[in-house]
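Report on the structure
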Amino acid sequence: MNPPSIIRTSTAELYDANVLKNYARPALTLVRGAGAQVWDDAGNRYLDFTSGIAVSSLGHCHPHWVAAISRQAGELIHVSNLFRHPNQGELARRIVQRAGPGRVFFCNSGGEADEALIKLSRLHGLAKSGVEGKCIKVICAKNAFHGRMFGGMSATPQEKIQKGFRPLVAGFAFGELNNLQSFADLIDADTAAIFVETIQGEGGINPCTPEFLRGLRQLCDQHNLLLLLDEVQCGVGRTGKFYAFEHAGILPDAIAMAKGLGGGFPIGAIWIRDRFADLFTPGSHGTTFGGTPLACAAGLAVLDVFERENILETVRARSGPWIEALSKFIAEFSNQVVAVRGKGYLVGIQLTSDPAPYVAALREHGLLVVSAGGNVIRVFPPLVATTEELAQSVGIFRTVFSAKA
Ligand SMILES: *Cc1c(COP(=O)(O)O)cnc(C)c1O
């Protein structure tokens, strides 16, 4: 038998011919990364302040993380949830330690974590009303993003996300972010939960104020509703606290997390407060891949490095001056910049116009960033970014904004 003939085709051609066309990508092929930097196939270097959309929390190829997943890959990669594995037990313990008394379920993505929270709201509604399908209302925020699966998509009131996929899952209602009364007005006897991002990411880096979060906590306590927080983007250290809600001093009833948790390896998780953790009974939910030995090794390595390298303290210390330097742009380029928002290394620069040409120009100057809704550029340095790299990013912004002034 002849070996299959190898036809050398460019990556661009391979994508054009074979990859689904659901993304409009720039002409850039990345082949290598180290820390906050990545290289393209022509040898050009970029400062990666996308962190793979808030995923590569330790930057690219952190030596401790690489060693941990390499070792685990040679030992045991997958066993399914039919059996226990030490890594899953240990990662669950560390999450419980960070969040509070409760239990953890592992999955593979943010979308799956959100889906599990939505299913939890149904179980709570059933426990509350005693009737299946009655108490199913979940109050979410306008401009939210909860992933692309049917539950999360139905909780995401954006035409560009929902268009073409109706009918959606029933039961979602939408209040105004940071308008407590608008949420209170939507509560009725058939309401099971309130579900919001602590800081809206895709929507343009719109944080819940601490007062709003505390108000939601009170509403949930008064009406026996679950307070569900989507920390898929803002959690796991990105704001300088392990969870973004810690800044408000509240505790939700359940948390969805994913992106930064595996440092680049796919893993998602939900934590459920102990009072509600037994709503999921044997057989009520599951996953084949969730929480594999390898994925949990990646998560454990991320949390190890957080502790060894004082990552959260460092993010808190470095982000203030960096955000301040970025904020100075508002004064200098007020015809181009409306506001700089965010916390830690979760920052949005709201422009007066479409961010696409800016994202392209920044890339040409060696800085990768992500656009978001509402004319916002999202800047996500890896949590290990150096002060020099942060300063470098400010310089590149200055160059690009000056050229467009
Ligand atoms: C990215 C994101 C999701 C979806 O996560 P996937 O891993 O892409 O499924 C859900 N919620 C929020 C807040 C996100 O930022």
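Structure first, text after, so check above.
Read on for an overview of the structure. What you see is a predicted model, and the numbers here were worked out from it, not measured in a lab. (Residues numbered from 1 in each chain as written. Predicted model: local features only at pLDDT ≥ 70, side-chain atom pairs only at ≥ 80, totals over all residues. Heavy atoms only, no water.)

**A look at the packing of aromatic side chains**
By the definition in use, this model includes twelve aromatic pairs. Judged by centre distance (5.7 Å) and plane angle (45°), the rings of Phe333 and Phe401 are tilted. Remark: Phe401 occurs in helix α14 (residues 387-404) and Phe333 occurs in the loop between α12 (311-332) and β13 (337-343); sequence separation between them is 68 residues. Comparing Phe333 with Phe401 shows no difference in burial state: the two are buried. An aromatic cluster is defined as three or more aromatic residues linked by ring pairs; in this entry it consists of Phe329, Phe333, Tyr358, Phe397 and Phe401. One residue, Lys404, lies across the ring of Tyr358, its end atom 5.3 Å from the ring centre. (Phe/Tyr/Trp six-rings, centres within 6.5 Å; stacked < 30°, edge-to-face > 60°. Helix = DSSP H or I, 4+ residues; strand = E, 2+ residues; numbered from the N terminus. Buried < 20%, exposed > 50% of the residue type's maximum accessible area, 1.4 Å probe, protein only. Lys NZ or Arg CZ within 6 Å of the ring centre and 35° of its normal.)

**Remarks on unusual backbone geometry**
With an omega of 5°, the peptide bond running from Arg166 to Pro167 counts as cis. Here Pro167 shows up in the loop between α7 (159-162) and β6 (172-175). Look at Ser80: it is not a glycine, yet its phi comes out positive at around 75°. For Ser80, the position within the fold is in the loop between α3 (63-73) and α4 (86-99). A positive phi is found at Asn224, a non-glycine position, where the angle reads about 55°.

**Quick notes on the packing of α12 against α14**
Where α12 meets α14, the closest approach of the two axes is 10 Å, and the angle between their N-to-C directions is 10°. Put simply, α12 runs roughly parallel to α14. Here α12 contributes Arg318, Trp322, Ala325, Leu326, Phe329 and Glu332 to the contact with α14, which in turn contributes Thr387, Leu390, Ser393, Val394, Phe397, Arg398 and Phe401. Here the residues of the contact of α12 with α14 sort into eight nonpolar, two polar and three charged. (Axes fitted to C-alpha atoms, helices over the stretch in contact; angles between N-to-C directions. Parallel < 35°, antiparallel > 145°, perpendicular 65-115°, else oblique. Contact = heavy atoms within 4.5 Å. Nonpolar A, V, L, I, M, F, W, Y, C, P; charged D, E, K, R; others polar.)

**Focus on the pairing of strand β14 (residues 346-351)**
Burial of β14 is extensive: five of the six residues sit out of reach of the surface. Taking the residues between adjacent antiparallel strands as the criterion, β13 and β14 are bridged by two residues, where Gly344 takes a positive phi near 60°. As defined by bridge partners, β14 adjoins strand β17 (residues 376-379) across four bridges and the pair is classed as antiparallel. Opposite Val347, over in β17, you have Val379 as the bridge partner. (Pairing = 2+ DSSP bridges.)

**Examining the layout of surface pockets**
Unoccupied space between atoms shows up once a probe the size of one water molecule is rolled over them. Quantified by volume, the second largest pocket comes out at close to 690 Å³. Contributing to the lining of the second largest pocket are 26 residues, with Asn81, Gln88, Val104, Phe105 and Phe106 lying nearest its centre. For the lining of the second largest pocket, the elements supplying multiple residues, two or more each, are α4, β4 (102-107) and β12 (268-273). Ranked by the residues each element gives to the lining of the second largest pocket, the list is headed by β4, at five residues. Class assignment for the residues of the lining of the second largest pocket results in twelve nonpolar, eleven polar and three charged. (1 Å grid on protein atoms, 1.4 Å probe; cavity = no way out; pocket = protein on both sides within 12 Å on 5 of 7 lines; lining within 4 Å. Points joined across faces, edges and corners; volume = space filled by probe spheres on them.)

**Re empty space enclosed by the protein**
If you walk through the whole model with that rule in mind, you get two cavities of 30 Å³ or more. The volume enclosed by the largest cavity comes to roughly 50 Å³. Looking at the lining of the largest cavity residue by residue, the class counts come to four nonpolar, nine polar and one charged. In this model, the second largest cavity occupies a volume close to 30 Å³. Along the walls of the second largest cavity sit Ala54, Ser57, Gln233, Gly235, Val236, Gly237, Arg238, Gly260 and Leu383, which together make up its complete lining. In the lining of the second largest cavity, the residues fall into three nonpolar, five polar and one charged.

Function cannot be read off these values alone, since they describe shape.
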